[in-house]
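Here's the letter readout for the chains.
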Amino acid sequence: MAYIKKVSAKLIFALPLFFSSLIFSEKSDYNMPVGVTDVSESIFELHMVIFWICVVIGIIVFSIMFWSLWKYRKSKGAVAADFDDNFWLEIGWTVAATLVLVWMAVPSTQVMVEAYDDAEGEINILITGHQWKWHYEYLEDEVGFFSNLSTSQEQIDGEVPKGEFYLQEVDEPLVIPTNTRVRFLITGNDVIHSWWVPDFAVKQDAIPGFINTAWTNVPEPGIFRGACTELCGIKHAFMPVVVRAVEREEFDAFIAEKVALAEEERMLTSKVWTKDELMERGESFYAVNCAACHQANGQGIPPVFPALEGSQIALNDSSKHIEILMEGVQGSAMAAFGDSYSEVDIASVITYTRQAWSNGENGDGEIVTPQDIVAYKNRIDL
Amino acid sequence: MSTVVESHDHGHHGPAKGLSRWLFTTNHKDIGTLYLWFSFIMLFIGGAMAMVIRAELFQPGLQIVQPEFFNQMTTNHGLIMVFGVIMPAFVGLANWMLPMQIGAPDMALPRLNNLSFWLLPMAFGILISTLFMPEGGPNFGWTFYAPLSTTYAPSTVNFFIFSVHVMGVSSILGSINIITTIFNMRAPGMTLMKMPLFVWSWLITAYLLIAVMPVLAGVVTMMLMDINFGTSFFNAAGGGDPVLFQHVFWFFGHPEVYIMILPAFGIVSHIIETFSRKPIFGYSSMVYAMASIAILSFVVWAHHMFTVGMPLAGELFFMYSTMLIAIPTGVKVFNWVATMFRGSITFETPMLFSIAFVALFTIGGFSGLMLAIVPADFQYHDTYFVVAHFHYVLVPGALFGIIAAAYYWLPKWTGNMYDETLGKLHFWLTFISVNVTFFPMHFVGLAGMPRRYPDYALQFADFNALISVGAFMFGLTQLLFLFIVIKTIRSGKQAKPEVWEGAGDLGLEWTLSSPPPYHSFTVQPQVK
């Protein structure tokens with residue numbers, strides 16, 4: 001037995017050195033991030049404690065096993081003993097295992113209670129998972145926006161070199177203030193998504209029809225990148241989470257700008273739009289929100305994503321066209337855009353798809369204005 | 001265990017000739033062979049899908065397949081490996097070995113046995129055919145969470161549901177057969193606590209199957225209703241709850257996990273005692289441990305769902321109950337090690353696979369324990385850390401158990417010894433490649449790579465390339481296994497009845513000739 005002790009003692013000192021060289025670095029490619037919040041640090045420490053307990057148990061068990069395999073190999077003339085049971089040994093290791101588990105359960109419960117807190121935040125943000133983008137709404141200020149992947153399709157297809165933040169960059173990150181308790185109310189619009197920011201140790205499923213809560217309090221400014229972690233369909237890997245934490249003053253300025261923009265947007269609805277203005281706005285909206293499925297050339301990816309070029313609805317049925325954009329198509333990936341986007345956006349993208357490609361020549365070429373969308377909304381409300 | 005056997009000439013009772021032997025057979029060995037070949041073929045089909053996945057993930061960016069097909073590959077890889085490889089292989093081993101281990105001539109319900117096998121090719125024929133349909137096959141993950149698998153699924157989901165129903169019927173019929181056989185056909189003197197551990201492991205597994213396969217059937221039926229008949233079990237807009245799906249699915253799913261490992265526990269126990277030349281240590285605690293694992297498996301399901309938003313008390317309950325499972329599992333590992341301790345050990349291929357099983361399954365157990373810790377699971381959940389965990393328990397766990405069983409019993413089944421040199425080569429190539437494949441997954445998972453991603457950020461590129469290389473090596477190595485099995489069936493040194501030195505005392509199957517007579521025991525042996 002002295003031999004076991006000697007060997008395992010050596011291993012106990014050697015292995016941590018080996019692993020720690022791999023594992024402990026500021027932004028590790030091998031290990032869980034320490035993160036920036038109190039909760040994420042507690043979780044990291046808990047993870048390391050449990051990990052080392054497992055390593056030590058593993059070293060003890062495997063040392064005994066491999067030592068037995070070596071020592072009692074038949075080729076060295078080992079003769080088998082004939083014992084096959086020992087009541088007190090069985091009781092002993094059952095109790096020992098139980099004690100180790102209790103030892104693990106205590107800090108786990110403490111960290112769990114620390115992380116689990118659904119009290120209101122100073123800032124409350126409604127996060128909605130869509131196929132395949134996130135929508136953020138600041139509940140106090142009633143402003144919101146979508147956050148789309150900004151990595152280009154050319155990078156994904158390997159036609160141009162991949163950027164530093166390949167698949168981890170968005171057009172508009174979520175902005176939160178530092179040193180403020182921020183509560184996230186998380187839900188889904190279509191299927192289940194999951195909102196994860198490793199540096200906050202926040203991962204909550206976004207479930208349609210239900211609202212989950214999570215919270216964080218970020219001590220210093222920075223950009224934090226996360227991901228969707230519940231399989232949500234074709235572009236599951238292409239809806240990253242990016243959060244920018246800024247000082248309180250900068251955050252207030254950001255919100256003020258958003259509020260002003262929203263006001264401007266409301267003004268735009270009553271403006272008289274020309275076809276060219278609608279086309280221009282519709283084309284950029286289409287590129288960001290529609291082209292992923294219906295493709296830039298309007299051909300779609302049949303049968304899942306129908307072609308828009310030559311579609312009877314896009315050619316000759318503008319009222320059906322409005323209805324689809326507003327309500328979505330039940331049982332398909334086509335989401336309802338009505339609640340999420342302004343009348344101007346919806347009118348312009350409908351106008352664009354009715355004019356683009358060969359649709360303008362082959363169809364009725366009808367122009368849909370923001371006022372038409374307002375009329376549609378009013379009709380529904382009655 | 002010592003036995004008295006009378007030898008008989010069974011030459012007049014051969015199998016039928018040609019295809020009808022296999023179509024209409026009611027013989028436990030023929031049906032066992034069918035199950036084993038079925039699962040072997042499925043291993044290569046499911047394996048080919050894994051190769052597609054690993055080829056796409058070799059580098060960041062989309063090169064080989066589009067995300068839509070990638071999702072079909074991950075989904076079908078999972079479904080085929082779980083329901084088409086691991087489970088049928090264990091049923092095949094049960095068919096071959098249970099009658100021989102309990103001293104019976106055949107299974108209790110031979111015609112049912114035929115039916116339960118032939119349902120399987122039908123079920124998987126339907127499932128795989130969906131891949132060739134215009135809308136493509138199931139693409140919502142093998143856990144098929146609603147509403148992605150209901151409202152948002154391709155219409156081929158209906159074929160998938162039907163195929164799951166048929167698999168479920170097959171499993172339930174097989175389990176009824178196994179329980180009936182074990183309770184009614186044991187040799188005189190073989191009390192429950194004298195049964196070989198493989199028999200015990202299957203008795204417990206069969207009860208688990210009967211308990212949970214109807215739950216799976218229930219959940220897919222609810223999906224069927226939601227999709228086609230306007231119900232709203234899983235649709236919040238109609239008053240349902242998407243999370244209900246996960247509760248029902250995992251109430252099936254967690255016992256299912258143990259269905260896939262318990263028979264391997266039985267197999268490995270036999271192999272370790274054979275090659276340690278020392279009876280298994282703590283037989284009764286092994287039985288109690290398996291029973292405890294089975295019972296606990298019904299109260300841990302929501303540990304798969306720590307991020308769905310459960311109340312604190314719920315999270316803590318499922319954390320504690322999950323941690324409890326480490327106790328009986330640990331006891332089993334300790335017993336295996338104690339069996340080796342002061343034995344007289346040799347390292348034939350089945351023993352090598354079993355030693356690797358104990359070591360690597362334990363690593364899978366450690367990561368399982370880490371995943372049970374709720375706050376830490378917030379970081380692990382749905383990342384490659386989980387993928388690493390369940391591949392460690394299913395590949396060097398369940399699959400190594402099956403491969404070890406094949407090497408251990410092939411000489412008994414065929415009458416020919418396998419090629420030991422090739423067997424060892426197979427082991428070392430498999431052992432190395434399995435670790436090259438699955439160990440780095442822990443690291444990419446911890447560093448933040450989510451599972452079921454066809455494309456990933458650049459920081460994960462190096463590990464993914466390494467993982468893919470390991471996976472290709474692992475896949476190719478299994479062709480060597482196929483070669484060894486065929487070679488053993490066709491030729492090889494004549495195997496003695498006891499095959500392994502000293503095995504004659506370890507179980508009734510070693511008292512029969514190699515290959516054994518067509519109707520294993522026509523006269524029941526007496527177990528003392």
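This section reports on the structure supplied with the text. (Residues numbered from 1 in each chain as written. Chains lettered and ligands numbered in written order. Predicted model: local features only at pLDDT ≥ 70, side-chain atom pairs only at ≥ 80, totals over all residues. Heavy atoms only, no water.)

The partner chain B presents 95 residues to the 87 residues of chain A that form the contact. Between chain A and chain B lies a buried interface of about 7,900 Å² when both sides are counted; carbon and sulfur atoms form 70% of it. When the buried area of chain A at its contact with chain B is split by residue, A:F83, A:M112 and A:L231 rank highest and sum to 8% of it. At the boundary of chain A and chain B, one finds one salt bridge. We note a salt bridge from B:E501 to A:K74, for which the minimum N-O separation is 3.3 Å. Our count for the chain A to chain B interface comes out at 22 residue pairs in polar contact (both at pLDDT 80 or more). By residue number, the principal contributor to the side of chain A that touches chain B is helix α2 (residues 38-71) of chain A, which donates 16 residues. Residues belonging to the side of chain A that touches chain B are distributed by class as follows: 52 nonpolar, 22 polar and 13 charged. (Contact = heavy atoms within 4.5 Å. Buried area = accessible area lost by both parts, 1.4 Å probe. Salt bridge = Lys/Arg side-chain N within 4 Å of Asp/Glu carboxyl O. Polar contact = N/O pair within 3.5 Å; in protein donor to acceptor, adjacent residues only side chain to side chain. Helix = DSSP H or I, 4+ residues; strand = E, 2+ residues; numbered from the N terminus. Nonpolar A, V, L, I, M, F, W, Y, C, P; charged D, E, K, R; others polar.)

A few words now on the pattern of salt bridges. As a working rule, side chains carrying opposite charge can pair if their charged atoms are close by. If you walk through the whole model with that rule in mind, you get 14 salt bridges over all chains. One salt bridge in this structure joins A:R248 and A:D252, with 3.4 Å as the shortest N-O distance. With a gap of four residues between them, A:R248 and A:D252 both fall in helix α5 (residues 248-270), about one helical turn apart. On the accessibility criterion, A:D252 (39% relative accessible area) is partly exposed. If you follow the salt bridges from partner to partner, you end up with A:K74, B:R277 and B:E501 in one network. (Buried < 20%, exposed > 50% of the residue type's maximum accessible area, 1.4 Å probe, protein only.)

Residues and elements named next belong to chain A. Counting buried residues in strand β3 (residues 143-147) gives four out of five residues, a clear majority hidden from the surface. Bridge count for strand β2 (residues 133-138) against β3 is five bridges, and the pairing is antiparallel. The residue bridging W134 from the neighbouring strand is S147, located in β3. In this structure, the hairpin formed by β2 and β3 is closed by a connection of four residues, where E142 is found at a positive phi of approximately 55°. (Pairing = 2+ DSSP bridges.)

Here we take up the environment of A:W195. Residue and element names in this part refer to chain A. Residue position: W195 is located in strand β6 (residues 193-197). Judged by its relative accessible area of 0%, W195 falls in the buried class. Once the C-alpha coordinates of W195 and G129 are considered, the two residues, 66 residues apart in sequence, prove to be 7.9 Å apart. Sequence-distant contacts of W195, that is, excluding residues within four places in its chain, are made with I127, W134, Y136, L174, F184, I186, V202, K203, Q204, A227, V241 and V243. At 3.1 Å, the side chain of W195 and the side chain of Y136 are in polar contact.

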